[in-house]
Amino acid sequence: MVPVGDSDSDGGAGRDGQVVGFIDIGTNSVRLMLVRISANRSYHVVNLQREVVRLGEEEFADHLLRPAAIERAVLVCRSFAGLARSHGAEEIVAVATSATREARNQGVFVARLRADAGLDVHVVSGREEARLIYLGVLGRVELGERTAFCLDIGGGSTEVI
């Protein structure tokens, strides 16, 4: 696993607030963000992880997720879910984007994630994916009254917000 941010050393012990895990299952990588949400609704990022799984590998011609790609993604999702739970996360929000959305065998993949990783994964539409990206940008950039143009180029789709 490739940590891409800071993390608390105590795994969440002795801290106020609820820990929530967010898992983003993309075409090329799976990301985990653990946050501690305080009573005043402020939040602190506890841990960020990213692992390349190449879920969309060879999918574009026939819209089928390959068994090896499914195995890689399930393994990483199980690991990320375990990490989230070890930090005290009582809730894990998991979404899947383009590769899963376009796959004719998405039901098989989503069922495997439920059975093997204990995750209920929501496959988001392109429009919802764009909305979530925009909210992520707003969480990091103070726009004020300015108009913004956001462009997200992913492994299987591009969102313009």
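Residues numbered from 1 in each chain as written. Predicted model: local features only at pLDDT ≥ 70, side-chain atom pairs only at ≥ 80, totals over all residues. Heavy atoms only, no water.

Each helix and strand counted, the protein chain has 4 helices and 8 strands in total. When its helices and strands are written in sequence order, the protein chain yields β-β-β-β-α-β-α-α-β-α-β-β. Of all 161 residues assigned to the protein chain, the portion counted as buried reaches 37%. Residue pairs at least 24 apart in sequence account for 62% of intrachain contacts in the protein chain once pairs closer than 6 positions are excluded. About 9,000 Å² of surface is accessible on the protein chain, with carbon and sulfur atoms providing 53% of the total. (Helix = DSSP H or I, 4+ residues; strand = E, 2+ residues; numbered from the N terminus. Buried < 20%, exposed > 50% of the residue type's maximum accessible area, 1.4 Å probe, protein only. Contact = heavy atoms within 4.5 Å. Areas by Shrake-Rupley, 256 points an atom, 1.4 Å probe, with all protein chains shown as cover.)

Summarising the element assignment, Glu128 is placed in helix H4 (residues 126–138). You can call Glu128 partly exposed: its relative accessible area is 24%. C-alpha of Glu128 to C-alpha of Thr97: the two residues are 31 residues apart in sequence and 9.4 Å apart in space.

For the structure shown, the criterion picks out 7 salt bridges. Among the salt bridges present, the one from Glu57 reaches Arg54, with a minimum N-O distance of 3.2 Å. In this structure, the salt-bridge partner of Arg72 is Glu57, at a minimum N-O distance of 3.0 Å. Taken together, the residues Arg72 in helix H1 (residues 67–86) and Glu57 in the loop between strand E4 (43–52) and H1 connect sequence positions 15 residues apart. Among the residues examined, Arg72 registers a relative accessible area of 24% and is labelled partly exposed. Each of Arg54, Glu57 and Arg72 takes part in salt bridges that share partners, so that together they form one network. (Salt bridge = Lys/Arg side-chain N within 4 Å of Asp/Glu carboxyl O.)

In this section: the packing of H1 against helix H3 (residues 106–117). Look at H1 against H3: their axes get within 9 Å of each other, and the N-to-C directions meet at 40°. Looking at the two axes, H1 sits oblique to H3. Seen along the crossing, H1 lies across H3 with a hand that is right-handed. Contact residues: Ile70, Glu71, Ala73, Val74, Cys77, Arg78, Ala81 and Arg85 in H1; Phe109, Arg112, Leu113, Asp116 and Ala117 in H3. (Axes fitted to C-alpha atoms, helices over the stretch in contact; angles between N-to-C directions. Parallel < 35°, antiparallel > 145°, perpendicular 65-115°, else oblique. Left-handed = near helix turned anticlockwise from the far one by under 90°.)

It is worth spelling out the nonpolar core at this point. With 30 residues, the main nonpolar core has Ile23, Ile25, Val30, Leu55, Cys77, Phe109 and Leu119 as its most contacted residues. Sorting the residues of this core by element identifies strand E2 (18–25), strand E3 (29–37), H1, strand E5 (91–96) and H3 as the ones contributing at least two each. The contact partners of Leu119, leaving out residues within four places of it in the chain, are Ile23, Cys77, Ala81, Arg85, Ile92, Leu113 and Arg114. (Core = buried A, V, L, I, M, F, W, Y, C linked by side-chain atoms within 4.5 Å.)

On to the confidence of the model for the protein chain, then. Here the protein chain shows a mean pLDDT of 84. Residues at 70 or above account for 82%. This model gives residues 1–14 a pLDDT under 50, and the stretch forms 33 contacts once residues within four places in sequence are excluded. (pLDDT = per-residue confidence, 0-100.)

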